[in-house]
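# Observations on the model geometry
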Amino acid sequence: MTTTIDAPRSPYTRSTKKSGVNLEKWGWIYMRVSGVLLVVLIFGHLFVNLMIGEGVNALNFAFVAGKLANPFWQVWDVTMLWLALIHGGNGMRTLVNDYATSNVSRGILKYAILAAVVILIVLGTLVVFTFDPCPAGSPADLLPSFCSAL
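I will try to describe carefully the structure that is included in this document. For clarity, every value in this text was computed on a predicted model and none was experimentally measured.

Here we take up the overall build of the protein chain. Assigned secondary structure in the protein chain consists of five helices and zero strands. Starting at the N terminus and ending at the C terminus, the protein chain contains elements arranged as α-α-α-α-α. Here the protein chain holds 150 residues, and the buried ones make up 25% of them. The long-range share in the protein chain, meaning contacts at least 24 apart out of those at least 6 apart in sequence, stands at 66%. Per element, the accessible surface of the protein chain, about 11,100 Å² overall, is 71% carbon and sulfur.

With that settled, the discussion passes to the environment of Lys 110. Along the chain, Lys 110 falls in helix H4 (residues 103-130). The exposure class assigned to Lys 110 is partly exposed, which follows from its relative accessible area of 30%. Separated by 15 residues in sequence, Lys 110 and Leu 95 have C-alpha atoms that sit 9.9 Å apart. In this structure, Lys 110 is in contact with Arg 93, Val 96 and Asn 97, ignoring residues within four places of it in sequence.

On to H4. Taking 1.5 Å of rise per residue, 28 residues should cover 40 Å, and H4 covers 40 Å from first to last C-alpha, within 8% of that figure. The complete set of buried residues in H4 reads Arg 106, Ile 113, Val 117, Ile 121, Gly 124, Thr 125 and Val 128. Where H4 is buried, its residues touch helix H2 (61-68) and helix H3 (71-99).

The next subject is the pattern of salt bridges. Within this structure, the stated rule accounts for one salt bridge. The residue Glu 24 makes a salt bridge to Arg 93 at a minimum N-O spacing of 2.8 Å. Placement of the pair is Glu 24 in helix H1 (residues 23-50) and Arg 93 in helix H3, with a sequence separation of 69 residues. On the basis of relative accessible area, Glu 24 is assigned to the partly exposed category, the value being 46%.

So, on to the nonpolar core. Residues Leu 38, Leu 41, Val 48, Trp 73, Trp 76, Met 80 and Leu 83 constitute the largest nonpolar core, which totals seven residues. Put simply, the parts of the chain that give this core at least two residues each are H1 and H3. Counting six residues, the second-largest nonpolar core is a separate cluster that includes Leu 85, Val 96, Ala 100 and Val 117.

Here is what the cut-offs are and how they apply
Residues numbered from 1 in each chain as written. Predicted model: local features only at pLDDT ≥ 70, side-chain atom pairs only at ≥ 80, totals over all residues. Heavy atoms only, no water. Helix = DSSP H or I, 4+ residues; strand = E, 2+ residues; numbered from the N terminus. Buried < 20%, exposed > 50% of the residue type's maximum accessible area, 1.4 Å probe, protein only. Contact = heavy atoms within 4.5 Å. Areas by Shrake-Rupley, 256 points an atom, 1.4 Å probe, with all protein chains shown as cover. Expected span 1.5 Å × (residues − 1). Salt bridge = Lys/Arg side-chain N within 4 Å of Asp/Glu carboxyl O. Core = buried A, V, L, I, M, F, W, Y, C linked by side-chain atoms within 4.5 Å.

What follows is the structure, encoded as structure tokens:
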């Protein structure tokens with residue numbers, strides 16, 4: 001005689017879709033792929049900033065301005081920014097799904113995470129692509145050796 005034991009059930013209910021795209025599966029895959037890409041991007045970033053040239057002593061405003069003037073580094077930094085923020089937001093979403101007990105609090109928290117991720121991605125992308133180290137009439141005008149070199 002075989003005895004079956006029911007699987008443990010959560011104290012709250014979730015809506016489960018059986019048809020359509022499995023977003024949890026794609027979220028899981030994204031976390032693994034973005035994690036590997038982030039390791040490469042972050043260690044490349046650290047290597048260029050800390051090991052090449054004069055190392056940490058060369059990190060200053062001019063170094064950052066020079067990097068952000070190069071389209072390669074703009075794409076590198078924006079890719080790192082987007083992957084890291086979406087990766088972190090997806091991880092926070094998973095925590096909310098696991099620990100928020102009411103549908104209302106779960107929804108509010110997930111929308112707050114989404115809003116934070118979207119705002120930070122937009123602002124970070126704007127900073128990278130619109131960075132101007134020497135805007136007219138700025139305090140950088142006090143540094144003629146730096147601004148005249150650009």
